[in-house]
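The chain contents come next:
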Amino acid sequence: MASALRLNTLLNHQFQPDDRLLDTLRNELKLLDGLCRTLGVSELSSFVDTTALELQAAVAMLDDEAKKAVPEPDPQTGQIWGIEDVSWQPVATGMSTLEALQHHLRKSPHSGLNSNKVRDLLGELDYCISTLAPLEAEGAQFHLAVEESTQR
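Residues numbered from 1 in each chain as written. Predicted model: local features only at pLDDT ≥ 70, side-chain atom pairs only at ≥ 80, totals over all residues. Heavy atoms only, no water.

J.: Would you mind going over the environment of M95 in detail, with residue names and values included?
T.: With respect to the helices and strands, M95 occurs in helix 5 (residues 91-107). On a C-alpha basis, the gap between M95 and A133 in space is 7.5 Å, while along the polypeptide they are 38 residues apart. In contact with M95, other than residues within four places in its own chain, are I129, L132, A133 and E136. (Helix = DSSP H or I, 4+ residues; strand = E, 2+ residues; numbered from the N terminus. Contact = heavy atoms within 4.5 Å.)

J.: Explain helix 2 (residues 29-39) to me, and be specific about the residues and the numbers.
T.: Taken together, the buried positions of helix 2 are occupied by L29, L32, D33, L35 and C36. Buried residues of helix 2, seen end-on, are gathered within an arc of 160 degrees and therefore sit on one face of the element. Looking at helix 2, the residues exposed on the side facing more than 90 degrees away from the buried face are K30, R37 and T38. Residues of helix 2 that are buried sit in contact with helix 1 (23-27), strand 3 (48-49), helix 5 and helix 6 (115-136). Taken from the residues just after helix 2, G40 is the one with a positive phi, measuring 75 degrees. (Buried < 20%, exposed > 50% of the residue type's maximum accessible area, 1.4 Å probe, protein only. Arc of directions from axis to C-beta.)

J.: Go over the pairing of strand 2 (residues 14-17) with me, naming the residues and quoting the values.
T.: In the sheet, strand 1 (residues 3-11) pairs with strand 2 via 4 bridges, with the strands oriented antiparallel. In the sheet register, N8 faces strand 2, and the bridge partner there is P17. (Pairing = 2+ DSSP bridges.)

Have a look at this one:
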């Protein structure tokens, strides 16, 4: 089962899913975690939540009769999981990591990656930062959701 990585935010108990796939961040997560350790910031993987993927896999293993007992989608999330079922992190903490990675890749673009990967990583980091920055002062939370890539 292929997985996708997406940015989800939470502000004042309002869940906001994002449709943009963050494929390069997902594919380079191990390398980025190493850079985070070097830079002295939280690892990017510490912001990843796998709840959706785990629940999707569990439902897929059920027989047809058992699938009838799967709860209706949560009204706030539109998923079989609710806001309190997943892990949320402060945007401010995530911004430190994202900005440190962005700065490092702009300053030292080689970092073990080819120029196309660096360009794609910077594009995804820029997107996450621009999405999260306005929410930082509001005390919002976020996570990077791993889910089955065929969803949405």
